[in-house]
Every structure is written in C-alpha cells, then in structure tokens.
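What follows is each chain in one-letter form.
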Amino acid sequence: MIASLRHDFNARYRPETYRHLLHSLDACMRTHVSFRVSETPVFLPRPLIEEMAQIGADLTHRLVDDAEYLSKSTQAIPEMYRAADETAHPHFMTVDFGLVREADGRLSPRLVELQAFPSVYGFQSILAENYRSAYGIDPSLGIFLGGLDEARFWKLLKKVIVGGHDPENVVLTEIDPMHQKTLPDFLVTAERLGIRVVDITELVPEDRPGKRPRLCYRDAKRLVPIHRIYNRAIVDELIQKQIRLPFDYRESFDVEWAGHPNWYFHLSKYSIPFLNHPNVPPAVFLDQWMQGKGRDRLPENPQEWILKPLFSFAGKGIEFAPTEDRLRLIPVLEQRNYLLQQRVKFEPVIESPFGLTQPEVRILYVWPDGGKLQPVLPLVRLGRGKMMGVDHNRDMEWVGASAAFMQEAKVM
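Residues numbered from 1 in each chain as written. Predicted model: local features only at pLDDT ≥ 70, side-chain atom pairs only at ≥ 80, totals over all residues. Heavy atoms only, no water.

Student: Please clarify how the pattern of salt bridges should be interpreted in this entry.
Tutor: Two side chains bearing opposite charge may form a pair once their charged atoms approach each other closely. For the structure shown, the criterion picks out 31 salt bridges. The shortest N-O distance in the salt bridge between E324 and R295 comes to 3.9 Å. Remark: R295 occurs in the loop between α10 (286–290) and β12 (305–309) and E324 occurs in helix α11 (residues 324–328); sequence separation between them is 29 residues. The exposure class of E324 is partly exposed, given its relative accessible area of 29%. You can call R295 partly exposed: its relative accessible area is 33%. Residues R328 and E324 are paired through a salt bridge, measuring 3.4 Å at the closest nitrogen-oxygen approach. Of the two residues, R328 and E324 both sit in helix α11, 4 residues apart, roughly one turn of that helix. A network of salt bridges, in which partner residues are shared, links D85, R208, R212 and D254. (Salt bridge = Lys/Arg side-chain N within 4 Å of Asp/Glu carboxyl O. Helix = DSSP H or I, 4+ residues; strand = E, 2+ residues; numbered from the N terminus. Buried < 20%, exposed > 50% of the residue type's maximum accessible area, 1.4 Å probe, protein only.)

Structure, rendered in structure tokens:
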C-alpha cells in the first residue's frame, strides 16, 4: 500500500529472516503457532485504518443503541444458550474490512463481517513486535490505535478482562483450550494478566443457600471461586460437538462475564441486513429472499451472491455464487439461519514475489465497564484465494496471519 516501504521490504526480504521470525514467535508464545503466519506485514496509511475504525464504531453503536433491533436479535439466540445477566454492551468487538477500488481510483473499505467476540488481542500485539524485531522495521511506524502504546494496551486489556478482581479468580474459558489453534493467544494473555486458562466443560457449579450459586475451577484439590470469566467459548462449537456443560447458561450465577455470550449473537452476520450504510454490502435473510422480500437489494446475477450461515466461525459453510436451485435445497425451516449477500470484489494491493495479494483488515475494539468503545489494534490476514482465514491458502506463500504498520499522514 505504501509503495516505498513495500519496495524496501521486498528488496531486503530473506527466507532465513522469516524462519527466525517463526522461531522467535514460538519462543514468545511458549508453544508452536500452528496456523500460517505470513512472511510479510503490511504498511498502511494511518488515516485509512482510522477510517475503518470509525466505520466499525459507528456500526456497533447503531446496533447496540437500537432496543428494537436487540429484541429481534435475542430471538436468534438458541433458547438453551440465552444466557442470564446480559451486560449493557459487549466488552469486545471485531470488525473486518476488505478494500475496493472506487470509480475515481481511490481505495475504500467495505465490511466483510462484524462480531462481538474477542479475537487474538495478545497474540496480535506480539506478532507485530516480532515482525519489527526480525525485519528491523522503523520504530516510528505504529501498530496501536487510540493513542495506545504497548504498556497502555496491556493495562487496558487487563482492565477489561480482569476488571479489578484478584487474577486468581479470573479465568479464560474455552472448549479444550490446549488443542485450539488460538492457544498461543490464550497462553500469552494468561501469562501477562496472571489469570487461568480453564476448559469450560470443567467449570464446577456450587450452590450456596440463601445466595446466588457460583462457578468454580479446580486447582489441584482446591475449589477456587470464579469472579469473572473471559469468555472464548463459541456456542456454535458447543452445538456442533454436542458438548453438554456442567452448568446452564440460563441460570444466574454470581459471576461477571468479560464478553457475555449473548453478544456473540447480537452483533454478528445476523446484523448485516439491518445495516443500511455505504460501506456495508447489502444482505437479505434467505427465508425472506425466498419469499420475494428484499430481492431488489441484491444483483440479479447469482455470480454476484455469497451465501453465509448466520452463526458459524472461521468461514465454515460459506458458498460463492449459489444458484437458485442450490438455495431451494436448503430446508424451509433452515433458511432463516442463512444470509444471502452481495459479493464484493476486493482489491489485491500487496505486492509479493507471487503476485498481488489481498489484505483483510480486522479492527479490534474493547469496551470497558463504565467506559467507551475503543479501537486498540488492527489485525491483518493476507490471501490470494476466495477465503481469507488462516485455515485457507495453506499451500501458498506470503499469505496468512499478518500485522499492520501504520504511517502517519504527511503534512503538506
């Protein structure tokens, strides 16, 4: 994107430096990073990233502040996972953007997806600094948003996740966390904040006469009460794997959620049809589209459609250019769980030895209790195929998880 920085990086790149980056990253994470990390970071103008951050914040507030919308989205939460004690706002937000080329040649962001759920905050900050160290990247190029530096970033993350509690009573919960591809992020976050990583299936509910029940975790023979949960468990995975938890989401426990489970559903692909915004490709719920509603919002050519399951993760179940015959194969009662959206041609703008590569930029936000929604860090994924996640483009080079270094706007 910034031609001088890109050309300089490409000229100086050496495969042995990339191998050193990977070894250093594994050492920092105390485990092997199993997903693909790209050979290159990206160099982007800060005003472009800040434009994305502002759009994402505007879309988030538009949804969170709309009581009628939140009532509708509550109905999309599977009843047995409609958790009690919902917070007034999400604690975490991620908004993904691709870049399109406008008629005047300008690059402009377009929404790919939004999700009120944590991403790899800890891993991403360390990945960026490992790029900087391995490749000798100019220290004037920033990686944080909102006036943060590394120390302020971790202080803010601690405020949101730990919330003033004793770290011993705060847990990061996930399904079988030691075998998740995001384990590096879990480990570095737990180490920096002093909290525990606990399998959500091993939480122990404890009844207390005259008081609300609480959740605990086992530390050897000790049962330790949990005061706050940094929730990384995705309900979709619980459903797909038919996992039965030892507690009921619908029961009110004496515990705080850092990332209440309901927000995963409230702000998600389900939200997109409700957003009428120039940076949001139009979308229609499939059941409504099959009934003839909202057809004027999408192009007539199926080659310009994309079909998305509403509640899936890591790009699972997405189909490009579905025909009407294919759509009719989806059972009527299942159609409400799909989104039909206008497909957008994102621009490949990163020069690599293998041709131009497409970036997808995710803006990471936090929203502290009693505070404001705040962008903290961009995350980047590079790809040359239809799908951009780290599960895709596996057999290619110069693709995968990456980081953004931002150059300040030049004063004329």
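Student: It is not clear to me how helix α5 (residues 121–135) should be interpreted in this structure. Could you clarify?
Tutor: Quick reminder: α-helices carry 3.6 residues per turn. Residues three or four places apart thus point the same way. When the terminal C-alpha atoms of α5 are compared, their 22 Å separation across 15 residues agrees well with the 21 Å that a helix rising 1.5 Å per residue should span. Counting buried positions along α5 yields 13 of 15 residues, so the element is predominantly enclosed. Where α5 ends, the next residue or the one after it, G136, has phi of about 65 degrees, a positive value. (Expected span 1.5 Å × (residues − 1).)

Student: What exactly am I supposed to notice about the side chain of S108 here?
Tutor: Inspection of the secondary structure puts S108 in strand β3 (residues 107–115). Reaching out from S108, the side chain makes a polar contact with the side chain of E102 at a distance of 3.2 Å. A polar atom in the side chain of S108 sits 3.0 Å from the side chain of R110. Excluding its chain neighbours within four sequence positions, the residues that come into contact with S108 are G98, L99, V100, E102 and N279. (Polar contact = N/O pair within 3.5 Å; in protein donor to acceptor, adjacent residues only side chain to side chain. Contact = heavy atoms within 4.5 Å.)

Student: What's the story with the sheet that holds strand β5 (residues 196–199) in this structure? I'm lost.
Tutor: The strands making up a sheet are joined through hydrogen bonds of the backbone, oriented either antiparallel or parallel. Across the sheet, which stays open at both edges, the 4 strands sit in the order β5-β4-β9-β10 with parallel pairing between neighbours. In this open sheet, the two edge strands, each paired with only one partner strand, are β5 and β10 (256–258). Across this sheet, the average inter-strand angle for adjacent strands is 35 degrees, counted without regard to direction. Relative to strand β9 (residues 228–231), strand β4 (residues 170–174) is paired through 4 bridges, and the arrangement is parallel. Across the sheet, V170 pairs through a bridge with R228, a residue of β9. The strands touched by helix α6 (residues 150–161) are β4, β9 and β10; relative to β9, the strand with the most contacts, the crossing angle is about 115 degrees. (Pairing = 2+ DSSP bridges. Axes fitted to C-alpha atoms, helices over the stretch in contact; angles between N-to-C directions.)

Student: When you look at the sheet that holds strand β17 (residues 400–407) in this model, what are you seeing that I'm missing?
Tutor: Ordered in space as β1-β17-β16-β15-β2-β3, the 6 strands form an open sheet in which the pairing is mixed. For this open sheet the edge positions go to β1 (42–45) and β3, each flanked by a neighbour on one side alone. Shown here is a sheet whose adjacent strand axes are inclined to one another by a mean of 35 degrees, direction ignored. Inspection of the sheet shows strand β16 (residues 374–383) paired to β17 by 4 bridges, in the antiparallel sense. The residue of β17 that forms the bridge with V380 is S402. Of the strands in this sheet, β1, β2 (92–101), β3, β15 (358–366), β16 and β17 touch helix α3 (residues 46–64), which is tilted by about 55 degrees from β15.

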